[in-house]
Amino acid sequence: MRRRILRSMLAALLLTTVVLGIPLAFTAWQWVADINRNDLMARLDRMAQEVRGQEQADGLVHGTLDLHLVQALIPQGGKLTIIYPTPEDAALSVTAGVPSVHDPVAQSLSMGTSGSLRLEVPADRMHAMQWQAVGAVALVALASLAAGVAVAVVTARRVADPLRDVAGRAARLAMGDFRLEGRRHGITELDRVSDVLDSAAVEIAGRLQREHTLVADVSHQLRSRLTAVRLRLDELSAHADPAVVHEAEEAMAQVDRLTAAIDELVRASRDENAADRDPVPVVEELRGVVAEWRHPFADAGRRLILSGDPTLRAPVTGSRLREALAVLVDNALMHGAGDCTVSVRTVYGGPDREPLIAVEVADEGDGVSDDLAPHIFDRGFSGAGSTGVGLALARALIEADGGRLELQRRRPALFAVFLGKPTRVRTANGVAGEPR
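Residues numbered from 1 in each chain as written. Predicted model: local features only at pLDDT ≥ 70, side-chain atom pairs only at ≥ 80, totals over all residues. Heavy atoms only, no water.

1. Details of the confidence of the model for the protein
Our working rule: Each residue carries a pLDDT score, the predictor's confidence in it, ranging from 0 to 100. A helix here means a DSSP run of H or I that spans at least four residues, while a strand means a run of E at least two residues long, and both kinds are numbered starting from the N terminus. Residue contacts follow a heavy-atom distance rule, with two residues in contact if any of their heavy atoms lie within 4.5 Å.
Per-residue confidence for the protein gives a mean pLDDT of 81, with 86% of residues at or over 70. The weakest mean pLDDT in the protein belongs to strand β14 (residues 430-431) at 47; the strongest belongs to strand β6 (residues 304-308) at 95. For residues 427-436, every residue scores under 50 in pLDDT, and the model assigns this stretch 14 contacts once sequence neighbours within four places are set aside.

2. Brief notes about the side chain of E120
As a reminder of what qualifies: Using a 1.4 Å probe on the protein chains alone, a residue whose accessible area is under 20% of its type maximum counts as buried, one over 50% counts as exposed, and one in between counts as partly exposed. Any pair of N or O atoms that falls within 3.5 Å is considered a polar contact. Within protein, one atom must be able to donate a hydrogen and the other to accept it, and sequence-neighbouring residues count only if both atoms are side-chain atoms.
For E120, the position within the fold is in strand β4 (residues 116-122). Under the relative-accessibility criterion, E120 is labelled buried at 12%. Polar side-chain contacts of E120 include one of 2.8 Å to the side chain of R118. With residues near it in sequence (within four places) discarded, E120 still touches G78, K79, V101, P104, V105 and A106.

3. Some details on the sheet that holds strand β9 (residues 355-362)
How we decide: Pairing between two strands requires that DSSP report at least two bridges joining them. Lines are fitted to the C-alpha atoms to define the axes, a helix being fitted only along its stretch in contact, and any angle between axes, read from their N-to-C directions, falls within 0 to 180 degrees.
Judged by pairing direction, the sheet is mixed, and its five strands sit side by side in the order β6-β8-β9-β11-β10 without closing on themselves. Edge positions in the sheet fall to β6 and β10 (404-409), since each of these pairs with one other strand and no more. Mean inter-strand twist for the sheet, computed between neighbouring axes without regard to direction, equals 25°. Relative to strand β8 (residues 340-348), β6 runs parallel, the two being bridged by five bridges.

4. Considerations on the pairing of β10
As defined by bridge partners, β10 adjoins strand β11 (residues 414-418) across five bridges and the pair is classed as antiparallel. Bridge pairing in β11 places E406 opposite A416. Hairpin connection from β10 to β11: four residues lie between these consecutive antiparallel strands.

5. A word on the packing of helix α3 (residues 123-174) against helix α4 (residues 188-236)
Helix packing geometry: the angle between the two helix axes and the distance between the axes. For clarity, the cut-off: With respect to orientation, any angle under 35 degrees is reported as roughly parallel, any angle over 145 as roughly antiparallel, any angle of 65 to 115 as roughly perpendicular, and every other angle as oblique. Residues are grouped as follows: Ala, Val, Leu, Ile, Met, Phe, Trp, Tyr, Cys and Pro are nonpolar; Asp, Glu, Lys and Arg are charged; every other residue, Gly included, is polar.
It is the contact of α3 with α4, at a shortest axis distance of 11 Å, that shows an interaxial angle of 10°. When the axes of α3 and α4 are compared, the pair comes out roughly parallel. Within the contact between the two elements, α3 uses V159, P162, L163, V166, R169, A170 and L173 and α4 uses L190, V193, S194, L197, D198, A200 and A201. Its residues placed into classes, the contact of α3 with α4 shows eleven nonpolar, one polar and two charged.

6. Remarks on the environment of R287
With respect to the helices, strands and loops of the structure, R287 is situated in helix α6 (residues 282-299). Spatially, the C-alpha atoms of R287 and R322 are 9.2 Å apart, while their sequence positions differ by 35 residues.

7. Description of the pattern of salt bridges
Between side chains of opposite charge, a pair can form as their charged atoms come close. What counts here: Put simply, a salt bridge is a Lys or Arg side-chain nitrogen that is within 4 Å of an Asp or Glu carboxyl oxygen.
Within this structure, the stated rule accounts for twelve salt bridges. Here D39 ties to R43 by a salt bridge, and the two come within 3.1 Å at their closest N and O atoms. Taken as a pair, D39 and R43 lie in helix α1 (residues 2-58) at a separation of four residues, close to a single helical turn. Here R411 makes a salt bridge to D370, at a shortest N to O gap of 3.2 Å. Within this pair, whereas R411 is found in the loop between β10 and β11, its partner D370 is found in the loop between β9 and α8 (390-400), the two being separated by 41 residues in sequence. Classification of D370 as partly exposed rests on a relative accessible area of 43%.

8. Remarks on α3
Side chains three or four residues apart in an α-helix point the same way, a direct result of the helix having 3.6 residues per turn. To be explicit about the condition: One less than the residue count of a helix, multiplied by 1.5 Å, gives the span that helix is expected to have.
Spanning 52 residues, α3 covers 73 Å between terminal C-alpha atoms, matching the ideal 76 Å at 1.5 Å per step. With its phi angle positive at about 100°, G176 sits one or two positions after the end of α3.

9. Some words on a nonpolar patch on the surface
For clarity, the threshold we go by: Note on patches: the residues involved have over 30% relative accessible area and no salt bridge, like charges join within 9 Å, and the nonpolar side chains Val, Leu, Ile, Met, Phe, Trp and Tyr join within 5 Å. Residue exposure ignores everything except the shown protein chains as possible cover, and the areas themselves are Shrake-Rupley values with a 1.4 Å probe.
Judged by side-chain polarity, L14, V18 and I22 come together as a nonpolar surface patch covering roughly 280 Å² of accessible area. Relative to the assigned elements, V18 resides in helix α1. Taking relative accessible area as the criterion, V18 reaches 41% and is therefore assigned partly exposed.

Below, the structure is given as structure tokens:
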């Protein structure tokens, strides 16, 4: 950020220096030329006075002109040409100074009936003075540019460093670091942002604490109720009817799985960093969910199929992945038709085309309508009379582990869960290589 601000300020400063420096250099060049020409005109005026004085004294009767006084007014290396009339109505031309001037700067002065004067001097001296003036302008411009660069560096640091600090503070806040920052930067707007971030940190920390307390209380109450239900089911398992015993045992297994899922979700809610978790075998995690939902699909005359590479692993929370898949499968059962396929495969859709694990859930139904598709993950929005919470919850669970849940195809519906970079399960023959 500092570099971008500095580049912008330097570009503006350089443009200003060029826009102002070129006209100023041209003005200095012309100013020196005007000074030299004015000096020549001043000399010619004095020479004209001398010539007129001699003409009034003797009328230049003999056609001669005393050049002794005008000679002193000719610059070094210059040439003076005097043209004046004689009594015989002839014009005489008299020169003084050097015989000829190379690359001259000339000025002429008419004396009316008394003739005319022409003074020539070498242009080298004037050009040298012009280049000196341009050099002085360039030095002033460079000095101004250097001072501007120094001011730009200080200003860029003063603006960029506080912005980077505030951005870092916001990033830490997003990662769950709610420590207050007492440092301020002396910039009113940024200090106000820092105050707002401090207030937000206090508010978010308080809300998270209340939510964690609520989650702990709810999980405790759920476990208590599930324990009571399991005790009742345990009593039913001693019934004389084998069918009743079988259903009781199946129900107890469901209660045990629900209790384990609640415990794991509570633990996962306290550990938000999915990147540090050990990768879990994705297909193995999903196998239990698919087995539970195969019976409802069979009752509806449909099939639920799981396919994919069983060696693929991803750094996710198993309970979150299972709950999200259960929502997607339930959605396919309630709103879809035909066979439902859960497939696990590797895709190349990450940053820089990195490989990702995709868990795809597809059915053969009519799909998602165009009106419903843009809002399908909005909490509370439903097009079929349901609560509208399931898909929003599933997306939140997946995003909590750094993944994403998307509707990849509308008709027939295809939902895709994108997880992290895949690894391989260690097998008896070694570790399988990365997917190609």
